[in-house]
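One-letter residues, chain by chain:
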Amino acid sequence: MQIKFIDRKSGKIITETPPGEGYLKLLYNNPFGKMALLPLVKRKFLSSWYGKLMNKPSSINKINNFVRELQIDMNEAERPSEDYISFNDFFYRKLKPSAREIENGFVSPGDGKMLAFKNVADVHDFFIKGRKFTLEEFLGNKELAKKYQNSSLIILRLAPNDYHRYHFPYDGIPSEMTKIKGSYFSVSPYALASNFTKVFCENKREYCEMTTQDKGDILIAPVGATMVGSIIETYTPNTPVKKGDEMGYFAFGGSTIVILVNNSKITIDQDILDNTKNKMETFVKMGEKIGK
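Just so it is clear, the model here is predicted, and its values are computed rather than measured.

### Regarding the overall build of the protein
Per the secondary structure count, the protein includes 10 helices and 15 strands. At a minimum sequence separation of 6, the contacts of the protein that also span at least 24 residues come to 74%. Only carbon and sulfur atoms are counted for the fraction: they give 51% of the accessible area of the protein, which is about 13,700 Å².

Following this line, the structure appears as structure tokens:
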């Protein structure tokens, strides 16, 4: 299996080589890994332990190699590499205000690889293996699942080299977060290919609803993953926000943001829908228009 995505700006197909690729293959594609190692890796204590290591001052020694190997553009960051006090401090670094343009329309909440489905029911046709995905299981709320049952669903996957702060995709008033405890499966395509429902319905996650003036309610759900020690909210609930305002950030590791929108009020851009139908993620950046 190769992880490929389409760079939206250039139209080129790019092959992604995630850090620890061989380890991911062992965990999710190898029978021994699934039976003997995965039950340990998905548990909270391992991610919490590693998260603490990444908060130690000595972890700054990892920064330069990480930047070089993953070709991270530090010209976009507010601070240079040598100014961080730990690896995690670097990992959830802020960008310069000029680094991301907030475009018109409905925008991406972050940098990453995106899948989009016009109707949430289409998810099962994409991830055909494993048990069926349901909103009731994902949200842990029967009434809320009914409310969003015919919505469009967007999945933004943040790889370790991506900018790890996430923002509001539209103007509105966000509620407080509802937190759901869970495991820490990887959100890599190696894991999602046969474990989509397990990952999204068993991982640690939280969600808020944002009311808008003209686009209905929007549900935004950050989802944790292996080696993500925490999901940190930085917004004030029940207070108006502008599109592009910061919502929160993830500590070390890959992670995901799931969005549910009313598909009669928000139309996702056709190229992203088409790429998804062709089994391809689309690389987008925070603030980039993804719908109208």
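From this point, the narrative continues.
### Side note on the packing of aromatic side chains
By the definition in use, this model includes 11 aromatic pairs. A centroid spacing of 6.0 Å and a plane angle of 85 degrees characterise the contact between F66 and F90, whose relative ring orientation is edge-to-face. With F66 in helix α4 (residues 63-69) and F90 in helix α5 (residues 87-91), the pair connects residues that are 24 residues apart, well separated along the chain. An angle of 35 degrees between the planes, with centres 4.3 Å apart, marks the rings of Y92 and Y249 as tilted. Separated by 157 residues along the polypeptide, Y92 in the loop between α5 and β3 (106-107) and Y249 in strand β12 (residues 246-250) bring together distant segments of the chain.

### Things to note about the environment of K289
Residue placement: K289 occurs in strand β15 (residues 289-291). For K289, a relative accessible area of 25% corresponds to the partly exposed category. Between the alpha carbons of K289 and P109 there is a distance of 9.9 Å; along the sequence they are 180 residues apart. Apart from the residues within four sequence positions on either side, K289 is in contact with R8, E103, N104, F106, V107 and D269.

### Here's the deal with the side chain of D162
Inspection of the secondary structure puts D162 in the loop between β5 (152-158) and β6 (165-167). Beyond its immediate sequence surroundings of up to four residues, D162 is in contact with R93, D111, G112, K113, R157 and F283.

### Points about the side chain of S151
Along the chain, S151 falls in the loop between α8 (142-147) and β5. With near-sequence residues (within four places) excluded, S151 lies in contact with K118, N119, V120, L260, V261 and N263.

### Here's the deal with the environment of D245
Structurally, D245 is set in the loop between β11 (231-233) and β12. For the pair formed by D245 and Y235, sequence separation is 10 residues and the distance between their alpha carbons is 8.4 Å. D245 has contacts with H167 and F168, leaving out every residue within four places of it along the chain.

### Digging into the sheet that holds β11
The strand order across the open sheet built from three strands is β6-β12-β11, with neighbouring strands paired in antiparallel fashion. Every interior strand has two partners, whereas the edge strands, β6 and β11, have only one. With direction set aside, neighbouring strand axes in the sheet form an average angle of 25 degrees. Examined bridge by bridge, β11 and β12 share three bridges and lie antiparallel to one another. Residue pairing in the sheet places I231 in a bridge with F250 of β12.

### Here we look at the nonpolar core
F106, I154, I218, I220, M247, I257 and I259 are the most contacted members of the largest nonpolar core, which has 28 residues in total. Of all elements in the fold, only β4 (112-117), β5, β9 (205-211), β10 (217-223), β12, β13 (255-261) and α10 (270-277) reach the threshold of two or more residues within this core. For F106, the residues in contact, after removing those within four places along its chain, are I154, P169, Y170, I218, I259, V261, I266, E288, K289, I290, G291 and K292.

The rules behind each value
- Residues numbered from 1 in each chain as written.
- Predicted model: local features only at pLDDT ≥ 70, side-chain atom pairs only at ≥ 80, totals over all residues.
- Heavy atoms only, no water.
- Helix = DSSP H or I, 4+ residues; strand = E, 2+ residues; numbered from the N terminus.
- Contact = heavy atoms within 4.5 Å.
- Areas by Shrake-Rupley, 256 points an atom, 1.4 Å probe, with all protein chains shown as cover.
- Phe/Tyr/Trp six-rings, centres within 6.5 Å; stacked < 30°, edge-to-face > 60°.
- Buried < 20%, exposed > 50% of the residue type's maximum accessible area, 1.4 Å probe, protein only.
- Pairing = 2+ DSSP bridges.
- Axes fitted to C-alpha atoms, helices over the stretch in contact; angles between N-to-C directions.
- Core = buried A, V, L, I, M, F, W, Y, C linked by side-chain atoms within 4.5 Å.

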